[in-house]
Amino acid sequence: MSETQVKQQNTAAFYGQSVASFAVALGAVGLGILYLDADVWVRGFLAIAVLYLTTSAFTLAKVIRDRQEAGQIVSRVDQARLEKLLAEHDPFQKSSKL
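Residues numbered from 1 in each chain as written. Predicted model: local features only at pLDDT ≥ 70, side-chain atom pairs only at ≥ 80, totals over all residues. Heavy atoms only, no water.

Q: Just checking my understanding: could you explain the overall build of the protein chain for this structure?
A: Secondary structure summary: the protein chain contains two helices and zero strands in total. Roughly 9,400 Å² of accessible area belongs to the protein chain as shown, and the carbon and sulfur atoms make up 64% of that amount. (Helix = DSSP H or I, 4+ residues; strand = E, 2+ residues; numbered from the N terminus. Areas by Shrake-Rupley, 256 points an atom, 1.4 Å probe, with all protein chains shown as cover.)

Rendered as structure tokens:
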């Protein structure tokens, strides 16, 4: 009666592409900062800003994923309660409340 949801998984190719894309983007920004025609302190500031932005992006992605997973758990509990009520309900049983 209950349907088990299949957990969605990404393919190995998508995972590899995502990692490669992240590495290329971070490397390109790093090289851009390294060869920037500016003082050392400006390049250092930009490098720290890129690292901060990167860690913030990872944290944001984790928070969004955790919130989505928590919502799915609550939905599953509600679905289980409904299925239990429907399974226990007998429409042919005489009610003593009449």
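Q: Sorry, what's going on with the pattern of salt bridges here?
A: Side chains bearing opposite charge may pair, as long as their charged atoms lie close to each other. In this structure the tally under the stated criterion is two salt bridges. Across the pair D66 and K62 runs a salt bridge, and its minimum N-O distance is 2.6 Å. Here D66 and its partner K62 are both found in helix α2 (residues 40–88), four residues apart, which amounts to about one turn of the helix. The salt bridge involving D66 is made with R65; its shortest N-O contact spans 3.2 Å. One network of salt bridges, with partners in common, ties together K62, R65 and D66. (Salt bridge = Lys/Arg side-chain N within 4 Å of Asp/Glu carboxyl O.)

Q: How should the side chain of T54 be read in this particular structure?
A: Of note, T54 is situated in helix α2. Excluding residues that lie within four positions of it along the chain, T54 makes contacts with F22 and L26. (Contact = heavy atoms within 4.5 Å.)

Q: Please clarify how the packing of aromatic side chains should be interpreted in this entry.
A: Geometrically, a pair of aromatic rings is defined through the distance of the ring centres and the angle of the planes. Throughout the structure, instances matching the rule amount to one aromatic pair. On the numbers, 5.5 Å between centres and 70° between planes, the contact of F22 with F58 is edge-to-face. Of the two residues, F22 sits in helix α1 (residues 12–34) while F58 sits in helix α2, which places them 36 residues apart along the sequence. Note on F58: relative accessible area 52%, which makes it exposed. (Phe/Tyr/Trp six-rings, centres within 6.5 Å; stacked < 30°, edge-to-face > 60°. Buried < 20%, exposed > 50% of the residue type's maximum accessible area, 1.4 Å probe, protein only.)

Q: Sorry if this is basic, but what is going on with a nonpolar patch on the surface here?
A: A grouping of L36, W41, F45 and L46 is seen on the molecular surface, where their side chains present a nonpolar patch of about 450 Å² in accessible area. With respect to the helices, strands and loops of the structure, W41 is situated in helix α2. (Patch = residues over 30% accessible without salt bridge, like charges linked within 9 Å, V, L, I, M, F, W, Y side chains within 5 Å.)

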